Structure formats: C-alpha cells, structure tokens
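Chain by chain, the residues run as shown.
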Amino acid sequence: MKTILCNDCGEIMTRFMNKCHACSRTNLSYYASPDSKELQAKVKQLRGGVDGWTRVMYASLLVGVFAVMIFGYSQQAHVKKVASEKPVQTAATTSTIAQ
C-alpha cells in the first residue's frame with residue numbers, strides 16, 4: 001500500500017490525494033510502506049519527535065485538570081455550608097445505652 005507524507009505538516013495519508021487533508025498543501029512525498037525507515041525518520045524530523053496522540057493526551061489531561069478545579073471551586077459554598085452545621089448523631093453511644 002502506498003503511503004503519502006505531507007512535507008509541510010507531517011500528516012500521513014494512505015489514500016491517494018493531490019493535496020494534504022490537514023493543511024491543504026501540495027508538498028507531498030510517496031513511500032511504498034508505512035513501516036519504511038525513511039518515512040519514519042522524515043515524520044520524526046517534521047513533527048519534532050512528538051507523536052500526534054501524545055499532544056492529544058496532554059491536552060486532555062490539561063482540560064481534565066481545569067474541569068476538576070472548576071468543579072471544586074463551584075462546590076466550595078456547599079462544603080462551607082455543610083461544615084458550619086451541627087453534626088447530627090444517629091447512633092447510640094455506650095453511655096446512653098447503659099442509662
């Protein structure tokens with residue numbers, strides 16, 4: 001199967017295209033296999049050694065941290081309200097049973 005590499009953004013495509021579907025440029029290279037050593041070296045050079053999924057995972061982690069921070073901040077008033085209430089005793093203690 002032919003593999004097409006965009007020399008501008010590093011996108012790898014397996015379908016024949018005249019221009020890159022990621023950046024719409026026409027600076028393309030063709031390789032015989034997606035496992036080609038030359039292709040892997042060129043991709044690493046273009047992307048700076050960072051895989052696209054790694055970027056997605058870091059972005060997801062960052063969004064998750066912010067979501068937890070926002071949720072914690074929104075619950076702050078409820079926590080203060082509960083902390084200021086008197087505790088309710090629901091179970092009997094040994095001293096009350098003995099009496």
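Nothing here was measured: the structure is a model prediction, and the numbers come from that model.

Moving on: the overall build of the protein chain. In terms of regular secondary structure, the protein chain is built from four helices and three strands. In the protein chain, the succession of α and β elements from N to C terminus is β-β-β-α-α-α-α. Residue pairs at least 24 apart in sequence account for 37% of intrachain contacts in the protein chain once pairs closer than 6 positions are excluded. Carbon together with sulfur atoms contributes 60% to the accessible area of the protein chain, which is approximately 8,300 Å² in total.

Phi angles above zero are rare outside glycine, and Ser24 is one such case at about 60°. Its place among the elements puts Ser24 in the loop between strand 2 (12-13) and strand 3 (28-31).

Attention now goes to a nonpolar patch on the surface. Nonpolar side chains collect at one region of the surface, where Tyr58, Leu61, Leu62, Val65, Phe66, Met69 and Ile70 lie side by side and expose about 770 Å² of accessible area between them. Within the secondary structure, Tyr58 is located in helix 2 (residues 52-74). Residue Tyr58 is classed as exposed on the basis of its relative accessible area of 58%.

The next subject is the sheet that holds strand 2. Sheet strands associate in pairs through backbone hydrogen bonding, adopting either a parallel or an antiparallel arrangement. If you walk across this open sheet you meet the three strands as 2-1-3, and the pairing is antiparallel. Unpaired on one side and paired on the other, strand 2 and strand 3 mark the two borders of the sheet. Pairing between strand 1 (residues 3-6) and strand 2: two bridges, direction antiparallel. Residue Ile4 lies in a different strand from strand 2, and its bridge partner there is Met13. In the packing of helix 1 (residues 37-47) onto the sheet, the strands contacted are strand 1, strand 2 and strand 3, and the crossing angle to strand 1 comes to about 25°.

With that out of the way, let us pick up helix 1. Its side-chain oxygen 3.4 Å from the backbone nitrogen of Glu38, Ser36 forms the N-cap of helix 1. Gly48 sits one or two residues past helix 1 and shows a positive phi near 75°.

What follows is about the confidence of the model for the protein chain. Confidence in the prediction for the protein chain averages 80 pLDDT; 84% of positions are at 70 or higher. Within the protein chain, helix 2 carries the highest mean pLDDT (89), whereas helix 4 (residues 94-98) carries the lowest (62).

It is worth spelling out the side chain of Ser29 at this point. Within the secondary structure, Ser29 is located in strand 3. For Ser29, the side chain forms a polar contact with the side chain of Asn7, separated by 2.6 Å.

On to the side chain of Asn7. Structurally, Asn7 can be placed in the loop between strand 1 and strand 2. Classification of Asn7 as buried rests on a relative accessible area of 16%.

Cut-offs applied
- Residues numbered from 1 in each chain as written.
- Predicted model: local features only at pLDDT ≥ 70, side-chain atom pairs only at ≥ 80, totals over all residues.
- Heavy atoms only, no water.
- Helix = DSSP H or I, 4+ residues; strand = E, 2+ residues; numbered from the N terminus.
- Contact = heavy atoms within 4.5 Å.
- Areas by Shrake-Rupley, 256 points an atom, 1.4 Å probe, with all protein chains shown as cover.
- Patch = residues over 30% accessible without salt bridge, like charges linked within 9 Å, V, L, I, M, F, W, Y side chains within 5 Å.
- Salt bridge = Lys/Arg side-chain N within 4 Å of Asp/Glu carboxyl O.
- Buried < 20%, exposed > 50% of the residue type's maximum accessible area, 1.4 Å probe, protein only.
- Pairing = 2+ DSSP bridges.
- Axes fitted to C-alpha atoms, helices over the stretch in contact; angles between N-to-C directions.
- Polar contact = N/O pair within 3.5 Å; in protein donor to acceptor, adjacent residues only side chain to side chain.
- pLDDT = per-residue confidence, 0-100.

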